[in-house]
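One-letter residues, chain by chain:
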Amino acid sequence: KRVEHARMHAKHRGHEAMHAEMVLILIATLVVAQLLLVQWKQRHPRSYNMVTLFQMWVVPLYFTVKLHWWRFLVIWILFSAVTAFVTFRATRKPLVQTTPRLVYKWFLLIYKISYATGIVGYMAVMFTLFGLNLLFKIKPEDAMDFGISLLFYGLYYGVLERDFAEMCADYMASTIGFYSESGMPTKHLSDSVCAVCGQQIFVDVSEEGIIENTYRLSCNHVFHEFCIRGWCIVGKKQTCPYCKEKVDLKRMFSNPWERPHVMYGQLLDWLRYLVAWQPVIIGVVQGINYILGLE
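What you are looking at is a predicted structure, and each value in this text was computed from that prediction instead of being measured. (Residues numbered from 1 in each chain as written. Predicted model: local features only at pLDDT ≥ 70, side-chain atom pairs only at ≥ 80, totals over all residues. Heavy atoms only, no water.)

Peer 1: Outline the packing of helix 5 (residues 99-129) against helix 6 (residues 140-176), supporting the account with residue identities and numerical values.
Peer 2: For the pair helix 5 and helix 6, interaxial distance at closest approach is 7 Å and the crossing angle is 160°. Compared by their axis directions, helix 5 and helix 6 come out roughly antiparallel. Note on packing geometry: the crossing formed by helix 5 with helix 6 is left-handed. Per-class residue counts for the contact of helix 5 with helix 6 are 26 nonpolar, nine polar and two charged. (Axes fitted to C-alpha atoms, helices over the stretch in contact; angles between N-to-C directions. Helix = DSSP H or I, 4+ residues; strand = E, 2+ residues; numbered from the N terminus. Parallel < 35°, antiparallel > 145°, perpendicular 65-115°, else oblique. Left-handed = near helix turned anticlockwise from the far one by under 90°. Nonpolar A, V, L, I, M, F, W, Y, C, P; charged D, E, K, R; others polar.)

So this is what it looks like as structure tokens:
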């Protein structure tokens with residue numbers, strides 16, 4: 001070991017300046033990439049979201065096949081097949097009346113599963129760090145692998161389903177006509193119609209519904225409670241589907257147990273950058289180092 005250590009130092013002697021240059025290239029590339037991505041997102045959000053979603057969907061598949069993670073590949077194929085069917089239904093014109101509920105139910109189910117999976121994975125990692133895995137006679141490496149795997153599954157599919165849900169929400173709402181991403185809606189919204197799904201509202205805001213309640217935003221527009229929660233939590237929208245007034249999420253989710261879901265959604269938005277764009281940025285850095293002859 002001493003001989004190998006000495007050989008390694010001899011091989012890399014004088015490379016300190018080169019390593020410092022590589023670190024500077026990495027930092028500069030990260031800063032420039034972040035500025036470009038922010039500008040792209042602000043100026044052309046639709047193309048940015050589509051490219052990001054495609055990378056979120058494809059990049060992990062490359063590593064999965066390369067590293068032979070067959071369990072992840074099977075789950076990825078099942079998720080992709082059902083999501084493709086749901087997305088196909090959401091983008092059809094004319095829109096079937098039952099489609100909005102189907103779309104929000106599917107993505108809300110994946111959202112809840114990913115949330116629970118991420119929490120269990122995080123707890124498993126924490127238990128392993130504190131040595132509690134020894135109480136169950138589980139090896140630290142096995143417990144840590146289990147926790148990290150669950151954490152990865154939860155965060156990855158949580159990000160992916162929210163991006164697909166946002167795209168489907170835009171298509172459905174635009175097709176129904178009470179929502180337009182840019183411009184005025186093509187239909188006038190009455191008090192008895194939900195702008196998210198386009199269906200009638202039968203329960204008054206002041207009444208307690210048997211199956212579902214009705215919710216009124218601060219702009220006085222009313223919606224099915226299930227629809228507006230799906231619009232905000234799953235579809236990542238924070239404005240009224242009709243007049244685009246900002247939604248007060250704190251008032252909507254007054255229950256303290258529901259507020260972590262909003263924070264979880266914000267965490268997923270931040271992780272999207274790491275999964276979709278970080279591998280691309282690292283690849284650009286490696287390309288620059290190769291061109292400059294840095295090892």
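Next comes the rest of the account.
Peer 1: Give a description of the UniProt feature "transmembrane region" (unreviewed entry) in the protein that names residues and reports values.
Peer 2: Those places that UniProt annotates as "transmembrane region" (unreviewed entry) correspond, in this numbering, to residues 21-40, 72-90, 110-136, 143-160 and 270-292. Annotated as 100% helix and 0% strand, the span residues 21-40 places its first and last C-alpha atoms 28 Å apart. Its end C-alpha atoms 26 Å apart, residues 72-90 is made of 100% helix and 0% strand. (UniProt positions renumbered as here; feature names shortened; annotations may be inferred.)

Peer 1: Tell me about helix 10 (residues 278-291), and please be specific about residues and values.
Peer 2: Its 14 residues place the ends of helix 10 20 Å apart at the C-alpha level, agreeing with the 20 Å of an ideal helix rising 1.5 Å per residue. Within the span of helix 10, buried status applies to Ile281, Val285 and Asn289. In a view along the axis of helix 10, the buried residues occupy a sector of 80°, so they form one face of it. Along helix 10, the residues that are exposed and aim more than 90 degrees away from the buried face are Gln286, Tyr290 and Ile291. Two residues or fewer after helix 10 comes Gly293, characterised by a positive phi angle close to 75°. (Expected span 1.5 Å × (residues − 1). Buried < 20%, exposed > 50% of the residue type's maximum accessible area, 1.4 Å probe, protein only. Arc of directions from axis to C-beta.)

Peer 1: Talk me through unusual backbone geometry; I want residue IDs and the actual numbers.
Peer 2: For the bond running from Lys93 to Pro94, omega is 0°, close enough to zero to count as cis. Within the secondary structure, Pro94 sits in the loop between helix 4 (70-90) and helix 5. The backbone of His68 sits at a positive phi, close to 60°, despite the residue not being glycine. Positionally, His68 belongs in the loop between helix 3 (45-67) and helix 4. Even without being a glycine, Asn220 presents a positive backbone phi close to 75°. For Asn220, the position within the fold is in the loop between strand 1 (214-216) and strand 2 (222-224).

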